[in-house]
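Reading the structure
Here's the letter readout for the chains.
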Amino acid sequence: MQTATGHTCAMCYNPSPGFHCQCQQQRAGFSDDELVSATRILEDKIRGLEDSLDDPSRFKLADCNMKLGLLHFKYGKLRKAEEHLRIALNILLEFSMWQEDVARIRDALGDLYHRQGKLDEAREEHAQARSIRVCLPVPAHDLAKSNNSMAIVSVEMGMIPPGSLWFKEADEMLPDDSPIRDSLMLDRLVSRARVTQDERDLHLLHQLLRLKRCGVIWTPVAEKEPFALATCELANSYIRLNIKLDVAEDMLHSALEVMNTTFPCAHFTKGRIHHCIGNVCYQKDKYDGALAALEEAEDVYRQTIGTDNIHMADNLSLAGDILMRHGRLDRAAAKFEEAVSIVRCICNKLGPQGNDLLGDRLRELALCRAFMKDVAGVAACLRECRELSGISEDLSSECAAKLAELEGE
């Protein structure tokens, strides 16, 4: 287990003050076979401990699940990471000790949810981690990481003043030469890129990313994924603002090259990059390239995060739109139907605030069914959309008018 003196390797679990263990198992760039072998070792240990009820065995079981969860997270298998981290957390919560490991797991879960855009869940986990760390004699960088994570999620949720205070607290508790200061700054760059609406701001962020890439934290191979993610999110902001699309596409291919070299197997960040390539190709009317990239993204997402995720819904929706433009209506309808199903499940958790998104997806499916001359299918979509609470007045009026037109026929 992790001690109060520093971080430990997710595989061999030796203390590693600089966050990086030099053991061969922890090197970045596992092949598929090597990753399978590493996970199989831990899975075998877990199976051997699952039926034991004594406290030492329970601690070992939590330890193995935590190691396996962190390993899956590192290599972009977020669904499996969450599963094993939750098992470890549930075991450790049965005891009053090992609170630092509870904080570490909650911090990892917060990062995991943040990657998937589940901001409410991310904020809750980071808040829990921080509440533990402020009461323990943990290293300053652990508490600073919690404050920085709270700040990032708060800013992305639109809570700017509390986010600024968290950033300030994180900065004040770290020495200027702290080895994680640059890493936390890179996380902030990614977060700022996701929310900014200012082209000048994006230009400055791009310049900063170039400087960071030339700096010391680009050296460890394991740190290339955060830079690839930062490059992806910065490029996606150009796409969101519909500016510098050629620059954005070049950035995304550069990020994908880094990921393919460093992580040969499926990784969530690779799926994210493929999706953004599909999006920029769509914006540039390069529909064949867009569809190919979106299919790659879908394949990676199914392997790494499953289907209960807004990233998958967005990817399916965009692919459906392209297929519909090409007249491949059956395939388009299948994409739209799965997207609606995913968003419907998400809205059941979010409540009325997610209904606008569901309404948009239902409108897309209705349009596809209209091209297919499926009048009953169109009417079903419009009725469900009209009955949603909290949707925009324009969407509600549009659905009501089209439904009235259908029923009049």
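What counts as what
Residues numbered from 1 in each chain as written. Predicted model: local features only at pLDDT ≥ 70, side-chain atom pairs only at ≥ 80, totals over all residues. Heavy atoms only, no water. Core = buried A, V, L, I, M, F, W, Y, C linked by side-chain atoms within 4.5 Å. Buried < 20%, exposed > 50% of the residue type's maximum accessible area, 1.4 Å probe, protein only. Helix = DSSP H or I, 4+ residues; strand = E, 2+ residues; numbered from the N terminus. Contact = heavy atoms within 4.5 Å. Polar contact = N/O pair within 3.5 Å; in protein donor to acceptor, adjacent residues only side chain to side chain. 1 Å grid on protein atoms, 1.4 Å probe; cavity = no way out; pocket = protein on both sides within 12 Å on 5 of 7 lines; lining within 4 Å. Points joined across faces, edges and corners; volume = space filled by probe spheres on them. Nonpolar A, V, L, I, M, F, W, Y, C, P; charged D, E, K, R; others polar. Salt bridge = Lys/Arg side-chain N within 4 Å of Asp/Glu carboxyl O.

1. Points about the nonpolar core
Ranked by internal contacts, the top residues of the largest apolar core, which has 106 residues, are Ile-105, Leu-252 and Ile-273. Per-element accounting of this core gives the leading share, 10 residues, to helix H15 (residues 329-350). Among all residues touching Ile-273, those that are not within four sequence positions of it are Ala-228, Cys-232, Leu-252, Ala-255, Leu-256 and Met-259. Core analysis: the next-biggest nonpolar cluster, separate from the first, contains six residues, Met-150, Val-155, Trp-166 and Phe-167 among them.

2. With respect to the side chain of His-114
Relative to the helices and strands, His-114 resides in helix H4 (residues 99-115). Here Glu-156 takes part through its side chain, which lies 3.0 Å from a polar atom of the side chain of His-114.

3. So, the layout of surface pockets
Estimates place the volume of the second largest pocket at around 740 Å³. If you go around the second largest pocket, you meet 23 residues; those closest to its centre are Asn-236, Arg-240, Arg-272, His-311 and Asp-314. Those elements that place two or more of their residues in the lining of the second largest pocket are H4, helix H8 (181-195), helix H10 (224-240), helix H12 (268-283) and helix H14 (310-325). Of all the elements, H10 adds the most residues to the lining of the second largest pocket, at six residues. A per-class count over the lining of the second largest pocket returns eight nonpolar, eight polar and seven charged.

4. Some details on the pattern of salt bridges
Applying the stated rule across the entire model yields 33 salt bridges. Close ionic contact of Arg-86 with Glu-125 constitutes a salt bridge, the shortest N to O distance being 2.7 Å. In this pair, Arg-86 sits in helix H3 (residues 78-92) while Glu-125 sits in helix H5 (residues 119-133), placing the two residues 39 residues apart along the sequence. Judged by relative accessible area, Arg-86 falls into the partly exposed class, the value being 25%.

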